[in-house]
Amino acid sequence: MSERVTAWIEFGPWDEEKLASTEDGRVFLKLLEEFGFNEQEVVHESGIDTLQCDAYEAKYGTAAFVEDELVKCAQHLGLWCLQGDEGGDDWNWNREVFSPDKCMGNYTCGAEGYVLLSQELFDVFVSELDEAGAVTAIRQYFTEGSRTLGEWIRAEG
């Protein structure tokens, strides 16, 4: 039996009219509709319009978005995605960000979504880098893990 958790996903830069003007875009919009999000809202953050979608009690958290190919379709259309879930009995909250080309990062979060640094990741940073490099990498991890989708697109896109 699958554990059901609160999960969410965001897409940007969001332009529904542009998406609706292409066959691939219409397929993506239909997938969004069929997913059955509880709430959808377009917000303007860091100068970028993003679509925020909440799915309460999604099966396996963010895995539900992968199973339904939402991330893959969005990437194909040149969209960025930021997805997350509120964890389950056996895992912490999670955030993942995808550019149109690849996964940019996976971040473990505590309650309320604050980015956490696991002992395992800390050990990687300090074992592979000198002290200054480790401090820089840790700061970058926290900065990137806390970015909104608009901030990711603005910084990297």
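Residues numbered from 1 in each chain as written. Predicted model: local features only at pLDDT ≥ 70, side-chain atom pairs only at ≥ 80, totals over all residues. Heavy atoms only, no water.

## Considering the pattern of salt bridges
This structure, assessed with the given rule, holds three salt bridges. Glu34 is the partner of Lys30 in a salt bridge, and the nearest nitrogen-oxygen pair spans 3.1 Å. A residue pair is termed a helical-turn pair when its members lie 3 or 4 positions apart in one helix, as Lys30 and Glu34 do in helix α2 (residues 23–35) at four residues. Judged by its relative accessible area of 52%, Glu34 falls in the exposed class. With a shortest N-O distance of 3.2 Å, Glu156 and Arg147 are connected by a salt bridge. The exposure class of Glu156 is partly exposed, given its relative accessible area of 39%. Look at Arg147 and you get buried, because its relative accessible area is 14%. (Salt bridge = Lys/Arg side-chain N within 4 Å of Asp/Glu carboxyl O. Helix = DSSP H or I, 4+ residues; strand = E, 2+ residues; numbered from the N terminus. Buried < 20%, exposed > 50% of the residue type's maximum accessible area, 1.4 Å probe, protein only.)

## Regarding the nonpolar core
Counting residues in hydrophobic clusters, the biggest one holds 21 residues, and the most contacted among them are Phe11, Trp14, Phe28, Leu32, Phe37, Phe65 and Leu70. Contributions of two or more residues to this core are made by β1 (4–12), α2, β3 (48–59) and α4 (70–76). Ignoring anything within four residues of it in the chain, the contact list for Leu70 reads Phe11, Phe28, Leu31, Leu32, Phe35, Phe37 and Phe65. Residues Trp80, Tyr107, Cys109 and Tyr141 belong to the second largest nonpolar core, which totals 15 residues. (Core = buried A, V, L, I, M, F, W, Y, C linked by side-chain atoms within 4.5 Å. Contact = heavy atoms within 4.5 Å.)

## Here we look at the packing of helix α5 (residues 119–128) against helix α6 (residues 131–145)
Between α5 and α6, the least distance of the axes is 8 Å, while the angle of their chain directions is 145°. Taken as a pair, α5 and α6 cross one another with a handedness that is right-handed. In this structure, α5 uses Leu121, Phe122, Phe125 and Val126 to contact α6, whose residues at the interface are Ala134, Ala137, Ile138 and Tyr141. The residue inventory of the contact of α5 with α6, partitioned by class, reads eight nonpolar, no polar and no charged. (Axes fitted to C-alpha atoms, helices over the stretch in contact; angles between N-to-C directions. Left-handed = near helix turned anticlockwise from the far one by under 90°. Nonpolar A, V, L, I, M, F, W, Y, C, P; charged D, E, K, R; others polar.)

## Describing the environment of Tyr114
Locating Tyr114 in the fold gives a position in the loop between β6 (103–109) and α5. On the basis of relative accessibility, which here comes to 59%, the residue Tyr114 falls in the exposed class. Here the alpha-carbon distance between Tyr114 and Lys18, two residues 96 residues apart in the chain, equals 34 Å.

## Digging into the pairing of β1
Most of β1 is tucked away: seven of the nine residues are buried. Bridge analysis of β1 against strand β4 (residues 80–85) gives six bridges, and the strand direction is antiparallel. Bridged to Glu10 within β4 is Leu82. (Pairing = 2+ DSSP bridges.)

## Describing a negative patch on the surface
On the surface, a cluster of negative charge is contributed by Asp15, Glu16, Glu17 and Asp49. Within the fold, Asp49 resides in strand β3. Looking at Asp49, the relative accessible area reads 32%, which means it is partly exposed. (Patch = residues over 30% accessible without salt bridge, like charges linked within 9 Å, V, L, I, M, F, W, Y side chains within 5 Å. Areas by Shrake-Rupley, 256 points an atom, 1.4 Å probe, with all protein chains shown as cover. Lys, Arg positive; Asp, Glu negative; His and termini not counted. Charge placed at Lys NZ, Arg CZ, Asp CG, Glu CD.)

## As for the packing of aromatic side chains
Enumeration over the complete set of coordinates arrives at eight aromatic pairs. Centre to centre, the rings of Phe11 and Trp14 are 6.4 Å apart; their planes meet at 40°, and the pair counts as tilted. Exposure class is identical for Phe11 and Trp14. Each is buried. Relative to Phe37, the ring of Phe35 lies with its centre 4.5 Å away and its plane at 25°, an arrangement referred to as stacked. (Phe/Tyr/Trp six-rings, centres within 6.5 Å; stacked < 30°, edge-to-face > 60°.)

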